[in-house]
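Geometric and topological summary
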Amino acid sequence: MPLTPMVMALGPDLYAGTAGIGLFLAELFAKTRLEEVGMTARGAIQHALWKANDPHGDLREGFYNGSVGIAYAATRVGILTDDERLVNAGIRLASRAASSRGNSNLLDVMSGNAGVVAPLLRLASLAGDQRLQERTIALAEELATTASKADGAWSWENDRACGPGAGPTPLCGFAHGASGIGLALIETGAHSSRHDLIEGGLAAFAYEDRLYDREHENWPDLRELRSQSDDPRAPVQARFMIAWCHGAAGIGLARLRASRLLPEHGATLQLGTERAINATLKYLQALPEDVDASPCHGRAGVAETLLYTTEVLGNPSYTEKVVKMWNLLVGAHEPDAPWPCGVASGRNSPSLMLGYAGIGYGLLRAVDPYSTPSVLVIDAELVRSA
């Protein structure tokens, strides 16, 4: 369909709205101390908080597209800009969001329980709030009780995990599938010494491992996406993506984080981790210059897996490859030329996950992945300082 450009105000969420932009600008302010950048970061997150507190709004309680993501961003912006009011506002919002989540939540990382448990555990530690921690563990328990369990593998029905429209086969991958949900179980289990949740997370990884395709050196994207011209009776052909949302890059992030949390399970996790890292590296090196550079399904998300590999495995060569890639792109990029984005038009998105804020965040991660925390895999460990 033809694209019609529109001018409109951004929403408040982390994925595509002002919370994500504020988070990037706050991280940039921490590196540059440019007051205009810090002021804009505070303004962006204040807009997001204002919209999140609108009693007539329809904001979800998820991480990337809901109030928990805004709460997480607010606390981080507050810490980085030395504004305790923002920290407190974020904690209040997180407590309210956790309390309002019911038993009909989606379950995936993008919109559901799996996306909020690690950020909420981190905020509970920041606030010293035992009730928030207990409520968050209950959300993880819901992931366990809703799993389909067979032969040592756990998976989740798509309608319950990510909403209708994905088809009948439970998905692989980080944003909507077994990797992201499994990691949430492992994160919560490691945080609360719940071995049953850890075993459930490993069983989710086992489901994915059975679907690994040796020919494509990747895991399939099992969504049944059809166009209006497709014959509804024809079988859907398997597709393969390598991105944060679907495929090896996101699956690699989940396995790497699990390896850090569960060193005693390193042998079990090693094969899947190596497969994901190798596929991601090969894909990144083959990307053309003009491809989408944003985090969700673009270059920055693929690069993040390699940056995180250095963090977890202590091998600097992966970060060196990412830095070299970004340096080549920046050096060849005309100062006023647009960067390719992940929206349908391919250009001019200011957002974190699909646009300029996310590309900037990816560059900051490449400069120093240790002082700029990943926004694509959130850990529950408390980081109070800037």
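This text goes with the structure placed above it.
The present account deals with the structure reproduced in this document. This structure is a prediction, so every number in the text was calculated from the model and none was measured. (Residues numbered from 1 in each chain as written. Predicted model: local features only at pLDDT ≥ 70, side-chain atom pairs only at ≥ 80, totals over all residues. Heavy atoms only, no water.)

1. Some points on the packing of helix α11 (residues 266–286) against helix α13 (residues 316–332)
Put simply, α11 and α13 touch, their axes get as near as 11 Å, and they point 20° apart. Taken together, α11 and α13 sit at an angle that is classed as roughly parallel. Of the two elements, α11 crosses α13, and the hand of that crossing is left-handed. Together, Ile-277, Leu-281, Leu-284 and Gln-285 of α11 and Tyr-318, Lys-321, Val-322 and Met-325 of α13 make up the contact between the two elements. Partitioning the contact of α11 with α13 into residue classes produces 6 nonpolar, 1 polar and 1 charged. (Axes fitted to C-alpha atoms, helices over the stretch in contact; angles between N-to-C directions. Helix = DSSP H or I, 4+ residues; strand = E, 2+ residues; numbered from the N terminus. Parallel < 35°, antiparallel > 145°, perpendicular 65-115°, else oblique. Left-handed = near helix turned anticlockwise from the far one by under 90°. Contact = heavy atoms within 4.5 Å. Nonpolar A, V, L, I, M, F, W, Y, C, P; charged D, E, K, R; others polar.)

2. Notes on helix α12 (residues 299–313)
With 15 residues, α12 extends 21 Å from end C-alpha to end C-alpha; this agrees with the ideal 21 Å at 1.5 Å per step. In terms of burial, α12 is largely enclosed, as 13 of its 15 residues are buried. Gly-314 sits one or two positions beyond α12 and adopts a positive phi of about 70°. (Expected span 1.5 Å × (residues − 1). Buried < 20%, exposed > 50% of the residue type's maximum accessible area, 1.4 Å probe, protein only.)

3. What about the pattern of salt bridges?
Evaluation of the coordinates by the stated rule reveals 16 salt bridges. Where Arg-76 meets Glu-27, a salt bridge forms, and the shortest distance between an N and an O atom there is 2.8 Å. Taken together, the residues span a long stretch of sequence, with Arg-76 in helix α3 (residues 67–80) and Glu-27 in helix α1 (residues 18–32) at a distance of 49 residues. Of the two residues examined, Arg-76 and Glu-27, each falls in the buried class. Shared partners join several salt bridges into a network, and the residues in it are Glu-27, Lys-31 and Arg-76. (Salt bridge = Lys/Arg side-chain N within 4 Å of Asp/Glu carboxyl O.)

4. Notes on the packing of aromatic side chains
All told, the structure shown has 7 aromatic pairs when counted by the stated rule. Seen from their ring centres, Trp-154 and Trp-156 are 6.4 Å apart, and the 70° between their planes marks the pair as edge-to-face. Since its relative accessible area comes to 14%, Trp-154 is described here as buried. What makes Trp-156 buried here is its relative accessible area of 4%. Among the aromatic residues, ring-to-ring pairing joins Phe-63, Tyr-64, Tyr-72, Phe-174 and Trp-244 into one connected group. (Phe/Tyr/Trp six-rings, centres within 6.5 Å; stacked < 30°, edge-to-face > 60°.)

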